[in-house]
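Report on the structure
If you want the building blocks of each chain, they are given just below.
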Amino acid sequence: MVDNAGLMLLGPVVGADAEEWDRMIAVNVQGLLYITRAALPHLLKAAEQGPRQVADIVDIGSYAGRGASRGFGVYNVTKFGVRAFTESLRQEVAQRHVRVGVLEPGAVESELGTHNKPEVRGELIDPFFEGTEVLAAEDIADGVAYMVTRPRHAAVGELWIMPTEQA
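The paragraphs below set out a description of the structure included in this document. Numbers given to residues run from 1 along each chain, matching the order in which its sequence is written. Only residues with pLDDT of at least 70 are given local features in this predicted model, and only at 80 or more are side-chain atom pairs given and counted; all residues enter the totals for whole chains, interfaces and linings. Hydrogens and waters are ignored; side-chain quantities use all the structure's heavy atoms.

1. Quick look at the overall build of the protein chain
What counts here: Numbering of helices and strands starts at the N terminus; helices are DSSP runs of H or I of at least 4 residues and strands are runs of E of at least 2. Categorising residues by exposure relies on relative accessible area from a 1.4 Å probe, with only protein chains included: less than 20% of the type maximum marks a residue as buried, more than 50% marks it as exposed, and the intermediate range marks it as partly exposed. Contacts are residue-level and defined by heavy atoms, with any inter-residue pair within 4.5 Å sufficient. Exposure was quantified through the Shrake-Rupley algorithm and a 1.4 Å probe, taking into account, for residues, occlusion by the shown protein chains and nothing else.
Assigned secondary structure in the protein chain consists of 4 helices and 4 strands. When its helices and strands are written in sequence order, the protein chain yields β-α-β-α-β-α-α-β. Evaluated residue by residue, the protein chain yields a buried proportion of 40% over its 167 residues. Long-range pairs, those at least 24 residues apart, make up 73% of the contacts in the protein chain with a sequence separation of at least 6. Element-wise, carbon and sulfur atoms account for 56% of the exposed surface of the protein chain, whose accessible area totals about 9,400 Å².

Here you go:
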(Lines give C-alpha, C1' and ligand atoms only; values in the text may rest on other atoms or scores of the structure.)
Protein backbone atom coordinates (compact mmCIF):
# COMPACT_ATOMS: atom_id res chain seq x y z
CA MET A 1 0.00 0.00 0.00
CA VAL A 2 1.34 3.43 -0.89
CA ASP A 3 -0.33 6.53 0.50
CA ASN A 4 0.40 9.67 -1.45
CA ALA A 5 -2.22 12.01 -0.04
CA GLY A 6 -0.95 15.53 -0.11
CA LEU A 7 -2.37 18.98 -0.57
CA MET A 8 -0.18 22.00 0.06
CA LEU A 9 -1.91 25.30 0.70
CA LEU A 10 0.52 27.85 2.03
CA GLY A 11 0.03 31.16 3.73
CA PRO A 12 0.28 33.02 7.01
CA VAL A 13 -1.10 31.41 10.16
CA VAL A 14 -2.97 34.59 11.12
CA GLY A 15 -5.77 35.45 8.75
CA ALA A 16 -5.53 32.22 6.74
CA ASP A 17 -8.53 30.84 4.93
CA ALA A 18 -10.03 28.31 7.38
CA GLU A 19 -11.84 26.49 4.58
CA GLU A 20 -8.57 25.84 2.76
CA TRP A 21 -6.96 24.61 5.98
CA ASP A 22 -9.88 22.26 6.64
CA ARG A 23 -9.54 20.88 3.12
CA MET A 24 -5.78 20.35 3.53
CA ILE A 25 -6.24 18.56 6.86
CA ALA A 26 -8.97 16.38 5.34
CA VAL A 27 -6.73 15.31 2.45
CA ASN A 28 -3.38 15.02 4.23
CA VAL A 29 -4.45 13.58 7.58
CA GLN A 30 -7.92 12.11 7.29
CA GLY A 31 -7.10 10.66 3.86
CA LEU A 32 -4.13 8.81 5.36
CA LEU A 33 -6.21 7.52 8.27
CA TYR A 34 -9.12 6.37 6.12
CA ILE A 35 -7.04 4.54 3.51
CA THR A 36 -4.96 2.84 6.21
CA ARG A 37 -8.05 1.77 8.13
CA ALA A 38 -9.56 0.32 4.94
CA ALA A 39 -6.43 -1.46 3.67
CA LEU A 40 -4.67 -2.59 6.86
CA PRO A 41 -6.93 -5.59 7.66
CA HIS A 42 -6.32 -6.95 4.14
CA LEU A 43 -2.56 -6.41 4.40
CA LEU A 44 -2.43 -8.13 7.80
CA LYS A 45 -4.42 -11.08 6.45
CA ALA A 46 -2.12 -11.40 3.43
CA ALA A 47 0.97 -11.23 5.62
CA GLU A 48 -0.34 -14.00 7.88
CA GLN A 49 -0.55 -16.46 4.96
CA GLY A 50 3.00 -17.59 5.65
CA PRO A 51 6.42 -16.50 6.93
CA ARG A 52 7.54 -15.45 3.43
CA GLN A 53 4.54 -13.22 2.89
CA VAL A 54 5.24 -9.65 3.91
CA ALA A 55 3.10 -6.62 3.21
CA ASP A 56 4.55 -3.12 2.82
CA ILE A 57 3.05 0.23 3.65
CA VAL A 58 4.85 3.33 2.40
CA ASP A 59 3.53 6.72 3.45
CA ILE A 60 4.87 9.54 1.32
CA GLY A 61 5.43 12.52 3.54
CA SER A 62 7.40 15.66 2.80
CA TYR A 63 10.48 17.59 3.82
CA ALA A 64 7.92 19.64 5.78
CA GLY A 65 7.69 16.72 8.22
CA ARG A 66 11.27 17.44 9.28
CA GLY A 67 11.22 21.16 9.99
CA ALA A 68 8.97 24.19 10.10
CA SER A 69 9.10 27.03 7.62
CA ARG A 70 7.41 30.42 7.43
CA GLY A 71 4.09 30.14 5.63
CA PHE A 72 3.95 26.35 5.93
CA GLY A 73 2.00 26.30 9.26
CA VAL A 74 -0.86 23.87 8.69
CA TYR A 75 1.05 21.97 6.01
CA ASN A 76 3.79 21.35 8.61
CA VAL A 77 1.18 20.11 11.07
CA THR A 78 -0.14 17.60 8.55
CA LYS A 79 3.29 16.33 7.50
CA PHE A 80 4.59 16.02 11.07
CA GLY A 81 1.38 14.05 11.63
CA VAL A 82 2.20 11.69 8.74
CA ARG A 83 5.61 10.99 10.30
CA ALA A 84 4.17 10.35 13.77
CA PHE A 85 1.32 8.20 12.46
CA THR A 86 3.69 6.15 10.30
CA GLU A 87 6.06 5.52 13.19
CA SER A 88 3.21 4.49 15.49
CA LEU A 89 1.82 2.16 12.84
CA ARG A 90 5.28 0.68 12.21
CA GLN A 91 5.62 -0.20 15.90
CA GLU A 92 2.09 -1.59 16.05
CA VAL A 93 2.43 -4.05 13.15
CA ALA A 94 6.17 -4.84 13.19
CA GLN A 95 5.67 -8.33 14.64
CA ARG A 96 2.88 -9.14 12.18
CA HIS A 97 4.98 -9.30 8.99
CA VAL A 98 3.96 -5.85 7.81
CA ARG A 99 6.74 -3.35 7.12
CA VAL A 100 5.92 0.33 7.35
CA GLY A 101 8.07 3.19 6.16
CA VAL A 102 7.88 6.83 5.25
CA LEU A 103 9.38 8.32 2.11
CA GLU A 104 10.09 12.02 2.48
CA PRO A 105 10.84 13.76 -0.79
CA GLY A 106 11.83 17.38 -1.08
CA ALA A 107 11.31 19.81 -3.95
CA VAL A 108 8.63 17.90 -5.81
CA GLU A 109 6.44 19.88 -8.18
CA SER A 110 2.97 18.58 -8.95
CA GLU A 111 -0.44 19.73 -10.08
CA LEU A 112 -1.42 20.22 -6.44
CA GLY A 113 0.79 23.32 -6.37
CA THR A 114 -1.68 25.09 -8.63
CA HIS A 115 -4.04 25.38 -5.65
CA ASN A 116 -1.77 27.96 -4.02
CA LYS A 117 -2.50 31.61 -4.59
CA PRO A 118 -0.03 33.18 -7.05
CA GLU A 119 1.30 35.65 -4.47
CA VAL A 120 1.95 32.86 -1.96
CA ARG A 121 3.63 30.77 -4.63
CA GLY A 122 5.94 33.62 -5.60
CA GLU A 123 6.88 34.54 -2.04
CA LEU A 124 7.18 31.11 -0.39
CA ILE A 125 7.53 28.36 -2.97
CA ASP A 126 9.48 29.76 -5.92
CA PRO A 127 12.57 30.68 -3.83
CA PHE A 128 12.74 27.09 -2.58
CA PHE A 129 12.95 25.76 -6.14
CA GLU A 130 15.60 28.26 -7.32
CA GLY A 131 18.86 26.45 -8.05
CA THR A 132 17.37 23.08 -7.19
CA GLU A 133 16.50 20.24 -9.50
CA VAL A 134 12.87 19.35 -8.94
CA LEU A 135 12.04 15.68 -8.40
CA ALA A 136 9.70 14.01 -10.87
CA ALA A 137 7.07 11.34 -10.30
CA GLU A 138 9.59 8.74 -11.51
CA ASP A 139 11.99 9.75 -8.71
CA ILE A 140 9.28 9.14 -6.12
CA ALA A 141 8.40 5.80 -7.77
CA ASP A 142 12.08 4.79 -7.61
CA GLY A 143 12.12 5.57 -3.88
CA VAL A 144 8.98 3.51 -3.25
CA ALA A 145 10.35 0.63 -5.35
CA TYR A 146 13.58 0.68 -3.33
CA MET A 147 11.66 0.52 -0.05
CA VAL A 148 9.42 -2.40 -1.04
CA THR A 149 11.98 -4.51 -2.90
CA ARG A 150 14.71 -4.50 -0.26
CA PRO A 151 15.52 -7.86 1.32
CA ARG A 152 12.85 -9.00 3.75
CA HIS A 153 15.30 -8.99 6.65
CA ALA A 154 16.24 -5.34 6.00
CA ALA A 155 14.26 -2.54 7.59
CA VAL A 156 14.09 0.96 6.17
CA GLY A 157 11.96 3.02 8.52
CA GLU A 158 12.41 6.21 6.55
CA LEU A 159 13.96 7.29 3.31
CA TRP A 160 14.60 10.95 2.67
CA ILE A 161 15.29 11.88 -0.94
CA MET A 162 16.29 15.35 -2.02
CA PRO A 163 17.18 16.65 -5.48
CA THR A 164 20.80 17.51 -6.13
CA GLU A 165 22.00 21.01 -6.91
CA GLN A 166 22.14 21.86 -10.60
CA ALA A 167 25.62 22.31 -12.04
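2. Notes on the pattern of salt bridges
We count it as follows: Salt bridges are identified by distance alone: a Lys or Arg side-chain nitrogen within 4 Å of an Asp or Glu carboxyl oxygen.
Under the counting rule described, the total for this entry stands at 4 salt bridges. Between Arg 99 and Asp 56 there is a salt bridge, and its shortest N-O distance comes to 3.0 Å. Of this pair, Arg 99 sits in strand β3 (residues 98-105) while Asp 56 sits in strand β2 (residues 55-60), and the two are 43 residues apart along the sequence. The class of Arg 99 is buried, set by a relative accessible area of 11%.

3. What about unusual backbone geometry?
Look at His 97: it is not a glycine, yet its phi comes out positive at around 65°. Within the secondary structure layout, His 97 lies in the loop between α2 (73-93) and β3.

4. Side note on helix α1 (residues 18-47)
Heads up, the rule is: Residue count minus one, scaled by 1.5 Å, sets the expected span of a helix.
Compared with an ideal rise of 1.5 Å per residue, which puts 30 residues at 44 Å, α1 spans 41 Å between its outermost C-alpha atoms and is within 8% of the ideal. Residues of α1 that are buried include every one of Glu 20, Met 24, Asn 28, Leu 32, Thr 36, Leu 40, Leu 43, Leu 44 and Ala 47, and no others.

5. A look at the side chain of Thr 78
Take Thr 78: it is sitting in helix α2. Setting aside chain neighbours within four positions, we find Thr 78 in contact with Met 24, Ile 25, Asn 28 and Val 29.

6. As for the pairing of β3
Note the following rule: Whether two strands pair comes down to DSSP finding at least two bridges between them. A clockwise path from the first strand over the helix to the second, with the strands pointing away from the viewer, defines a right-handed crossover.
For β3, a buried count of 8 out of 8 residues is recorded, marking the element as mostly surrounded by other parts of the structure. In this sheet, β3 lies alongside β2 in parallel orientation, the contact comprising 6 bridges. When the sheet's bridge partners are listed, Asp 56 is paired in β3 with Arg 99. As for the winding sense of the linkage, the β-α-β connection from β2 through α2 to β3 is right-handed. When β3 meets strand β4 (residues 158-161), the two strands line up parallel, connected through 4 bridges.

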